[in-house]
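Analysis of the macromolecular model
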Amino acid sequence: MTDCIFCKIAAGQIPAKKAYEDDDIVAFHDIAPKAPVHLLLIPKKHITSLFDAGADDQALLGKLLLLAPKLAKEHGLEAGFVTRVHTGAAGGQEVYHLHVHVLGQPAAA
Ligand code: AMP
Ligand code: ZN
């Protein structure tokens, strides 16, 4: 998808503060954080939303969710965190490339 902002982040064509990257996934800090820690986890493959994910994406979706607690812990959210996936206009989706939000407040030191 040439016009997709998250595809461009995945391809390194526009900058993002990356927190993680492997062959399938990129995670980066949300540009307008709604919590002290606010990460977005995306598949490198363009999937428009959960409505558009198929059986072929099962392992990728599992990988995204398993990465959430790992990155949360690395960012000080050992006490807990929120995951959100907005799907479609009525679900509050603004960027039409599937992403998992990880939000939380690090425990006081
Ligand atoms: P939503 O589609 O509602 O789940 O939310 C899209 C999220 O992407 C919002 O929290 C935006 O702040 C965030 N966002 C949009 N553009 C960028 C960008 N270039 N870099 C990082 N985060 C972004
Ligand atoms: Zn995309």
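Details of the structure are given in the entry above.
Criteria and thresholds
Residues numbered from 1 in each chain as written. Chains lettered and ligands numbered in written order. Predicted model: local features only at pLDDT ≥ 70, side-chain atom pairs only at ≥ 80, totals over all residues. Heavy atoms only, no water. Helix = DSSP H or I, 4+ residues; strand = E, 2+ residues; numbered from the N terminus. Pairing = 2+ DSSP bridges. Axes fitted to C-alpha atoms, helices over the stretch in contact; angles between N-to-C directions. Contact = heavy atoms within 4.5 Å. Core = buried A, V, L, I, M, F, W, Y, C linked by side-chain atoms within 4.5 Å. Buried < 20%, exposed > 50% of the residue type's maximum accessible area, 1.4 Å probe, protein only. Salt bridge = Lys/Arg side-chain N within 4 Å of Asp/Glu carboxyl O. Near = heavy atom within 4 Å. Polar contact = N/O pair within 3.5 Å; in protein donor to acceptor, adjacent residues only side chain to side chain. Areas by Shrake-Rupley, 256 points an atom, 1.4 Å probe, with all protein chains shown as cover. Nonpolar A, V, L, I, M, F, W, Y, C, P; charged D, E, K, R; others polar.

Section: the environment of K70
- Checked against the element boundaries, K70 lands in helix α2 (residues 58-74).
- When the C-alpha positions of K70 and F6 are compared, they lie 21 Å apart, and in sequence the two are 64 residues distant.

Overview of the sheet that holds strand β3 (residues 37-43)
- What the five strands build is an open sheet, ordered β1-β2-β3-β5-β4; its pairing is antiparallel. In the strand order of this sheet, the two ends are held by β1 (18-21) and β4 (82-84), each with one partner. The mean angle between the axes of side-by-side strands here comes to 20°, regardless of whether they run parallel or antiparallel.
- Its contacts with the sheet place α2 against β1, β2 (25-29), β3, β4 and β5 (100-104), and it is angled at close to 155° to β3.

What about the nonpolar core?
- Ranked by internal contacts, the top residues of the largest apolar core, which has 16 residues, are L39, L41, L71 and V102.
- For this core, the element with the highest residue contribution is α2, accounting for six residues.
- What L71 contacts, discounting residues up to four positions off in sequence, is A19, Y20, A27, L39 and L41.
- In terms of nonpolar packing, the next biggest core, distinct from the first, is built from nine residues, C4, C7, A10 and F28 among them.

Here we look at the pattern of salt bridges
- Under the defined criterion, the tally for this structure stands at six salt bridges.
- Of the charged contacts in the structure, one is a salt bridge between D22 and K63, with a shortest N-O distance of 3.2 Å. Taken as a pair, D22 in the loop between β1 and β2 and K63 in helix α2 lie far apart in primary sequence, 41 residues in all.
- Judged by its relative accessible area of 16%, D22 falls in the buried class.
- In this structure, D57 and K45 form a salt bridge, with 2.5 Å as the shortest nitrogen-oxygen distance. Pair noted here: D57 is in the loop between β3 and α2 and K45 is in the loop between β3 and α2, with a separation of twelve residues, a long-range link.
- A relative accessible area of 5% places D57 in the buried class.
- Members of the salt-bridge network, linked through shared partners, are K18, E21 and K44.

Quick notes on the site of ligand 1
- The local shell around ligand 1 holds 17 residues, among which D30, G92, E94, H99 and H101 are the closest.
- One of the side-chain N or O atoms of K34 is found 3.0 Å from an oxygen atom in ligand 1.
- For ligand 1, the accessible surface in isolation is 510 Å², of which the surrounding protein chains cover 89%.
- Of all elements in the fold, only α1 (5-10) and β2 reach the threshold of two or more residues within the shell around ligand 1.
- Looking at the shell around ligand 1 element by element, the count peaks at three residues for α1.
- For the shell around ligand 1, the residue count by class is eight nonpolar, six polar and three charged.

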